[in-house]
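Notes for the structure review
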Amino acid sequence: MLIVEICMGTCCHLMGAQDLLDVLDALPADQRRLIEFKGVTCFKNCGKGPSVKINGNFLANATPELLFEVLQTNLQ
Amino acid sequence: MPEINEISKIRRKVLTELAQMTFEGRLHSDVENILHTVVTEEGPRYRCCVHKERAVLQDRVKSALSQPMDISMTEAAAAALAGVVSDSPIIQVLPVACDQCPLDRFIVTDACRNCLAHSCIASCPKKAISVVANRSFIDKTKCVECGLCKRSCPYGAIIEISRPCERACELGAIAADKARKAVIDYSLCVHCGACKMACPFGAISDRSMIVQVIQQIKAGRRVYALLAPAFIGQFGIQVRPGQVLASLKKVGFHDTLEVSVGADAVAVEEAREFIERNREPKGQVMTTSCCPAFVGMVEKHLPTMKDNISSLVSPMVAAAMDVKKNDPEGIVVFIGPCIAKKSEAQRYPGIVDFVLTFEELATLIVGAGVNVTEMDAGSFASAGSKDGNIFARAGGVLQAVQNVLSQLAPDVELQAERCEGLGNCKKCLQEIEAGKRNTNLFEGMACTGGCVGGPGVLTDSRITTKLVENFAGASLEKSAVANPKSEELIKLGLHRPHEQHKDSPAD
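The rules we used
In every chain, residue numbers begin from 1 and rise along the written sequence. Note on labels: chains are lettered from A, ligands numbered from 1, in written order. Whole-chain, interface and lining totals are the exception, using all residues; otherwise, since this is a predicted model, local features are given only for residues with pLDDT of at least 70 and side-chain atom pairs are given and counted only at 80 or more. Here the side-chain values reflect all heavy atoms present in the structure, with hydrogen atoms and water set aside. Working rule for contacts: check all heavy atoms of both residues, and any pair within 4.5 Å makes them a contact. When two components associate, each loses some accessible surface as probed by a 1.4 Å sphere; the sum of these losses over both components is called the buried area. Whenever Lys or Arg places a side-chain nitrogen within 4 Å of a carboxyl oxygen from Asp or Glu, that contact is recorded as a salt bridge. Any pair of N or O atoms that falls within 3.5 Å is considered a polar contact. Within protein, one atom must be able to donate a hydrogen and the other to accept it, and sequence-neighbouring residues count only if both atoms are side-chain atoms. We count a stretch as a helix when DSSP gives it H or I for four or more residues in a row; a strand needs E for two or more, and each element gets its number in order from the N terminus. Classification convention: Asp, Glu, Lys, Arg as charged; Ala, Val, Leu, Ile, Met, Phe, Trp, Tyr, Cys, Pro as nonpolar; all other residues, Gly among them, as polar. Strands qualify as paired when DSSP identifies two bridges or more between them. Axes here refer to lines fitted to C-alpha atoms; in helices the fit is confined to the stretch in contact. Angles between the N-to-C directions go from 0 to 180 degrees. Exposure is judged per residue with a 1.4 Å probe applied to protein chains only, and the accessible area is read against the type maximum: over 50% gives exposed, under 20% gives buried, and values in between give partly exposed. Given the number of residues in a helix, its expected span is that number minus one, multiplied by 1.5 Å.

At the junction of the two partners, chain B supplies 21 residues and chain A supplies 17 residues. Across the chain B to chain A interface the summed buried area is about 1500 Å²; carbon plus sulfur atoms make up 60%. Taken together, the links from chain B to chain A amount to one salt bridge. E374 of chain B serves as the salt-bridge partner of K44 of chain A, at 4.0 Å between the closest nitrogen and oxygen. Viewed at the interface, chain A and chain B are joined by eight residue pairs in polar contact (both at pLDDT 80 or more). For the side of chain B that touches chain A, the secondary structure elements donating two or more residues are helix 1 (6-23) and helix 16 (358-367) of chain B. Per-class residue counts for the side of chain B that touches chain A are eight nonpolar, seven polar and six charged.

With that out of the way, let us pick up the sheet that holds strand 10 (residues 255-258) of chain B. Residue and element names in this part refer to chain B. Pairing is parallel across the open sheet formed by four strands, whose spatial order is 10-9-12-13. Two strands lie at the open edges of the sheet, namely strand 10 and strand 13 (354-357), each paired on one side alone. Each strand of the sheet is rotated relative to its neighbour by a mean of 25°, with strand direction disregarded. As paired elements, strand 9 (residues 223-227) and strand 10 share four bridges and run parallel to each other. By the bridge assignment, L226 is partnered in strand 10 with L257. Across the sheet, helix 12 (residues 259-277) is in contact with strand 9, strand 10 and strand 12 (331-336); its angle to strand 10 comes to roughly 35°. With respect to the sheet, helix 16 is in contact with strand 9, strand 12 and strand 13, its orientation differing from that of strand 13 by roughly 90°.

Our focus in this paragraph is the pattern of salt bridges. Residue and element names in this part refer to chain B. Under the defined criterion, the tally for this structure stands at 30 salt bridges over all chains. Measuring nitrogen to oxygen at the nearest pair gives 3.1 Å for the salt bridge that ties R26 to D30. Judged by relative accessible area, R26 falls into the partly exposed class, the value being 25%. Here D327 and R222 are joined by a salt bridge, their closest N and O atoms 2.6 Å apart. Of the two residues, D327 is situated in the loop between helix 14 (315-326) and strand 12 and R222 in the loop between helix 10 (210-218) and strand 9; the sequence distance between them amounts to 105 residues. What emerges from the salt-bridge pattern is a single network uniting K196, D206, K342 and E360.

Residue and element names in this part refer to chain B. Taking 1.5 Å per residue as the helical rise, helix 14 with its twelve residues ought to reach 16 Å, and the 17 Å between its terminal C-alpha atoms agrees with that figure. Of all twelve residues making up helix 14, ten are buried, and the element is well covered by its neighbours. Among the residues making up helix 14, those that are buried are P315, M316, V317, A318, A319, A320, M321, D322, V323 and K324.

Interpretation in functional terms is not warranted from these geometric data alone.
Okay, here's the thing in structure tokens:
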């Protein structure tokens, strides 16, 4: 199980956190099943958002493309 | 709202930093730091070099401060802090940022086969086409961009390219000058923001009054936030309306009021005007008046139909009048999805003091160090009715007025129609004027999806539309007619004053 925490705080929201959620929703069902999504209100890393944690590993300045790549690597 | 792109990110970073510096009282001394925090030496790089990028950024900062481009950033910061708002247009092309799109309108592609017929050469009235390197070649010094060659080519090998800003403007208000820089014709522009959203270089910007608003808050004035009904879901799908209100309180707004209350009053009064206009059997078409870009389009592009616009002020103005009646010293800040509202507000000095977009509000909140998602939701019920709240989405105004009509005059003959997009609205109204359509009530919305699709939103309009619908359905007040606030506002006199109803000096 891959734990994906995405910051939904206002700062990250401004920088496109919603687009990251869409990445999770667009995954094929068999991959989506392996992911546990957690919405977080702040990682205290504002200014480098959007911020994501994947199994505890921090990903700053996340973009949909970057997140997708990291997810694919972790799901392999 | 499409995916958040780099242009949005840069704009939001600039606004957030300006807001933060203003709250912390260091804007005047530190404003130039933005040149190093937003554009870093490491990149990413979008222009030729870091210097150009910083020159563009300076323009962005001055626009964000509502200051002219020909003063220094420090001077601009001082002026904004002093509350000065330049009389430059609401939307402008940032001089350095416009990349002078080097587009030749007609281009011969690889599909050219250098055929024997050479219909392109034959079609060109200016003899601008010859064969070079086994392919047709258009001499740009002779080409007058008539497009005959494109139409003549049997292979479709000549393509037409247009500038994104020009293509986005359905009113033909933006074009390249001789130096290929985009220039806005303000006699045609209605500040809808379509060109701003379309420009891939982020070279078109609306000016912001975020610093001036923060200064009012810091000065201890009673600053009222008037929230447009499209605010639902703007700060995240999970965010509760009560959290937005709590955030506004925390950053220092004195009180927050919903514009949906003004919308209720407008719906009722607009329905009454419709009944009045249709007393005669052959009534005349009446259009809604709440979308300022739509109203501007009729005034500037279909002046003969000016009197068909309902005489009502917009819900923004109605709600603002209510605030000023109760607190004449209060400062009114309208917060919505719209850029054109900034222009509309200029027509109502002393009533609507400032206009911010949702995007600007979010940067103000972040700049104040507040996180909406960490606020208590509390209990919240809309003061507006279902009718007023659905103004936020396309078709909502029409539906609200129809609801009122069904209660006040169920027998009135109604031929309702609506359009989204200024080009569509214009075309439809022209057909109505020509008698080709049997419409007597028309809703015009400049943005696709209505207000939720405006240029100042933070969330995809399809999602917001659903959230608006749910929120409106949960309103305790079931209709605009039943909302006791409606009559109270109508007593303020919600008809547009004609003497004030001239173009703003910026136009």
